[in-house]
Amino acid sequence: MIAALLGPPGSGKGTQAEFLVKGFGLAHVSTGNLLRAEAKAGTDLGRAAAEIMETGELVPDDMVVRMVEHRLQQRDVADVGALLDGFPRTVPQAEALTEMLKRTHHQIDVIVCLDVPVAVLEQRIMQRAEKEGRSDDTAISFEQRMREYTEKTVPVIDYYRANGMHIVSVNGDMAIEDVGRDVAAAVTGVAQLPANDGRRG
Ligand code: AP5
Ligand code: MG
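Residues numbered from 1 in each chain as written. Chains lettered and ligands numbered in written order. Predicted model: local features only at pLDDT ≥ 70, side-chain atom pairs only at ≥ 80, totals over all residues. Heavy atoms only, no water.

A short note on the overall build of the protein chain
Along its length, the protein chain carries 10 helices and 5 strands. The C-alpha atoms of the protein chain give 16 Å as radius of gyration, which agrees with the globular expectation for 201 residues (17 Å, within 12%). With the C-alpha coordinates aligned to their principal axes, the bounding extent of the protein chain is approximately 45 × 40 × 30 Å. A burial count over the protein chain gives 42% of its 201 residues as buried. Taking the intrachain contacts of the protein chain between residues at least 6 apart in sequence as the baseline, contacts between residues at least 24 apart amount to 75%. (Helix = DSSP H or I, 4+ residues; strand = E, 2+ residues; numbered from the N terminus. Rg over C-alpha atoms; globule rule 2.2 N^0.38 Å. Buried < 20%, exposed > 50% of the residue type's maximum accessible area, 1.4 Å probe, protein only. Contact = heavy atoms within 4.5 Å.)

Examining the sheet that holds strand β1 (residues 2–6)
Neighbouring strands of a sheet are bound in pairs by backbone hydrogen bonds; such pairs are parallel or else antiparallel. Overall, parallel pairing links the 5 strands, which are arranged β2-β3-β1-β4-β5 in an open sheet. Of all strands in the sheet, those bounded by a partner on one side alone are β2 (27–30) and β5 (167–171). Taking each pair of neighbouring strands and ignoring which way they run, the sheet shows an average axis angle of 20°. Two strands pair when backbone bridges link them, and β1 and strand β3 (residues 82–85) are joined in this way by 4 bridges, in the parallel orientation. Following the sheet pairing, I2 is matched in β3 by A82. Its contacts with the sheet place helix α8 (residues 139–162) against β1, β4 (110–115) and β5, and it is angled at close to 140° to β5. (Pairing = 2+ DSSP bridges. Axes fitted to C-alpha atoms, helices over the stretch in contact; angles between N-to-C directions.)

Looking at the confidence of the model for the protein chain
Close inspection of predicted coordinates is inappropriate for parts of the model with low pLDDT. With 96% of its residues at a pLDDT of 70 or more, the protein chain has an overall mean of 94. In this model, residues 196–201 is a region of pLDDT below 50 whose contacts with residues beyond four sequence positions or in other chains number 11 contacts. (pLDDT = per-residue confidence, 0-100.)

Written as structure tokens, this is what we have:
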């Protein structure tokens, strides 16, 4: 099974991914976490990405696609499937992913979009800034992340919709467990579709 979680900054992708990874035994593929790990390790990619991430802009597609391609080739993904968190975030990334998955005879089974009002998102990000100090959790960077989401990621949803993909919108403005219940239901629904048996191999 390949599932993808999309949503604006602070919508709960990482929070819900943790539940899904535990509940469905999927490998967690978060491009944000992978990029932060690269930055921490001080690699060329990490250094270049860190500067961009701090502004709230998206890291260039080719850099992210290469990183994801490498990650998807790892054994755990072949064994248990993947939960994509924050990828794909642009139409070119979505197209590259389609090609990548085609080569291994896979495809995305379900996309879950988390819907949360902007005022709530901002509040969450500002609260997390006090607790965790993530370098892009500033008012200016949040605004830029929202702009990138609207301009570049919303079209990804349209791209998949046009391709007949199974997209489920979940209200992310509820208690974490309630959102988790709806997200799990969306993924369970797809896991049980007989048409997906072959795909999941
Ligand atoms: P990324 O790390 O993906 O960050 P983001 O999309 O801005 O989102 P966040 O991680 O801040 O939020 P989230 O949706 O995961 O919510 P969370 O669960 O943490 O990307 C960071 C940067 O990396 C990008 O700006 C870009 O530069 C680069 N990047 C990453 N992927 C890329 C790609 N594919 N292409 C190009 N560039 C890329 O929750 C947020 C807070 O809210 C937490 O404190 C949490 O505890 C709280 N919370 C969660 N759910 C609830 C709830 N239901 N009720 C109350 N509080 C909640
Ligand atoms: Mg996240």
